[in-house]
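Listed below are the residues making up each chain.
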Amino acid sequence: VRPAIKHDHGFLDDGNGNIDNSKRRSPTFEDYKKYLWWETKLTGAQTLRPDLKDATDAYSNFLHGDGAQWNFSYDKFVSGDSSGKTVLDSAIEDVRSGAISIHDKKFPAPPTSPRTDQFNIVSGAIAVGGKDARYPYPATEDWQKAIGAHFIWLSAIVAVTTDPKTKTRVFTINMTLHAEDMYNFNPGMKDIATGTPDSDNGRFELCGLGHEFLSVSTLKRSITFTV
């Protein structure tokens, strides 16, 4: 079961994580001018900056997707971003230690003959890009723009084979990392690479020319180790 995760709503947020519809307004002539300018910037980046493929895909969905969910590749994030690799290593470490701890508590008595135990585990929400250095903010411009700070949670199916003769336990874990982010722009924030204030795009959330959307992904890994 997905843990409780509450996303902010950028320029439409009421300060408590809810959408304040009273902030919505009709687009002005200046809004349309800005929209065309950012459309041009998007087209240029899609042509000249292939290294920003995920960022431009996400931004295109903001301008054109009407709030539709965006599915991205967390495998690509962990393979192409140093912070992504750290996130995956930390997730695997936490799943391993969690599986050992739960097995110790559920099956404390050593068996007299070989035995295989099975159980499921699920984590709470984990903030990536928050205060925990084990789950750092994306390092590359592409992923800073595409997902930035986001949440993950972990689920796993665990099988543990215990051999009393060798006093070993073999853990086999099928882990799924679930990732999600609410793509929007936030008052007082700015782009890390360019310094562009979020308000340049936040205006589109207010006037309906751009729409926040949920970004989601899953990543699967199989882990086997002996204790």
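Draft legend 1. Quick look at the overall build of the protein. Each helix and strand in the protein was counted, giving six helices and six strands. Listed N to C, the secondary structure of the protein is α-α-β-α-α-β-β-α-β-β-α-β in terms of helices and strands. A globule of 227 residues ought to have a C-alpha radius of gyration of about 17 Å, yet the protein, at 22 Å, is considerably larger. Across its three principal directions, the C-alpha atoms of the protein cover 80 × 40 × 25 Å. Per element, the accessible surface of the protein, about 11900 Å² overall, is 55% carbon and sulfur.

Draft legend 2. Molecular detail of the nonpolar core. Of all hydrophobic cores here, the largest spans 47 residues; its most connected members are Tyr59, Tyr74, Ile152, Val158, Ile173 and Phe204. The element contributing the most residues to this core is strand 5 (residues 168–183), with six residues. The contacts of Val158, once residues within four sequence positions are left out, are Ala99, Asp117, Gln118, Phe119, Ile121, Phe171, Thr172 and Ile173.

Draft legend 3. A look at the packing of aromatic side chains. Enumeration according to the criterion identifies 17 aromatic pairs in this entry. Where Phe171 meets Phe225, the ring centres are 5.0 Å apart and the plane angle is 5°; that geometry is what we call stacked. Here Phe171, found in strand 5, pairs with Phe225, found in strand 6 (residues 213–226); they are 54 residues apart in sequence, far enough to count as distant. Comparing Phe171 with Phe225 shows no difference in burial state: the two are buried. An aromatic cluster is present here, built from Trp37, Trp38, Tyr59, Phe62, Trp70, Phe72, Tyr74, Phe77, Trp143, Tyr183, Phe185 and Phe213 joined pairwise through their rings.

Draft legend 4. Broad picture of the pattern of salt bridges. Inspection of the entire model under this criterion finds 16 salt bridges. Across the pair Glu180 and Arg2 runs a salt bridge, and its minimum N-O distance is 2.7 Å. With Glu180 in strand 5 and Arg2 in the segment before helix 1 (29–48), this pair connects stretches of sequence that are 178 residues apart. Classification of Arg2 as partly exposed rests on a relative accessible area of 40%. The residue Asp89 makes a salt bridge to Lys85 at a minimum N-O spacing of 3.0 Å. Note that Asp89 and Lys85 are positioned in helix 4 (residues 82–106) at a spacing of four residues, about one turn of the helix. Exposure remark for Lys85: the relative accessible area of 48% places this residue in the partly exposed category.

Draft legend 5. Spotlight on the side chain of His178. Checked against the element boundaries, His178 lands in strand 5. Side-chain polar atoms of His178 contact the side chain of Ser155, separated by 2.8 Å. For His178, the contacting residues outside a window of four places in its chain are Phe151, Ile152, Trp153, Ser155, Ser217 and Thr218.

Draft legend 6. Spotlight on the environment of Lys6. Following the sequence through the fold, Lys6 ends up in the segment before helix 1. You can call Lys6 exposed: its relative accessible area is 56%. Once you skip the residues sitting within four places of it in the chain, Lys6 turns out to touch Asn16, Gly17, Asn18 and Phe151. Within the structure, Lys6 has its side chain in polar contact with the side chain of Asn18 (distance 3.5 Å).

Draft legend 7. Representation of the packing of helix 1 against helix 2 (residues 53–64). Their axes nearest at 10 Å, the elements helix 1 and helix 2 cross at an angle of 155°. For the element pair helix 1 / helix 2, the angle class is roughly antiparallel. Seen from above, helix 1 lies across helix 2 with left-handed handedness. Taken together, the residues of helix 2 that come into contact with helix 1 (itself represented by Tyr35, Trp38, Glu39, Leu42, Ala45 and Gln46) are Thr56, Tyr59, Ser60, Leu63 and His64. Taken together, the residues of the contact of helix 1 with helix 2 break down into six nonpolar, four polar and one charged.

Cut-offs used in this document
- Residues numbered from 1 in each chain as written.
- Predicted model: local features only at pLDDT ≥ 70, side-chain atom pairs only at ≥ 80, totals over all residues.
- Heavy atoms only, no water.
- Helix = DSSP H or I, 4+ residues; strand = E, 2+ residues; numbered from the N terminus.
- Rg over C-alpha atoms; globule rule 2.2 N^0.38 Å.
- Areas by Shrake-Rupley, 256 points an atom, 1.4 Å probe, with all protein chains shown as cover.
- Core = buried A, V, L, I, M, F, W, Y, C linked by side-chain atoms within 4.5 Å.
- Buried < 20%, exposed > 50% of the residue type's maximum accessible area, 1.4 Å probe, protein only.
- Contact = heavy atoms within 4.5 Å.
- Phe/Tyr/Trp six-rings, centres within 6.5 Å; stacked < 30°, edge-to-face > 60°.
- Salt bridge = Lys/Arg side-chain N within 4 Å of Asp/Glu carboxyl O.
- Polar contact = N/O pair within 3.5 Å; in protein donor to acceptor, adjacent residues only side chain to side chain.
- Axes fitted to C-alpha atoms, helices over the stretch in contact; angles between N-to-C directions.
- Parallel < 35°, antiparallel > 145°, perpendicular 65-115°, else oblique.
- Left-handed = near helix turned anticlockwise from the far one by under 90°.
- Nonpolar A, V, L, I, M, F, W, Y, C, P; charged D, E, K, R; others polar.

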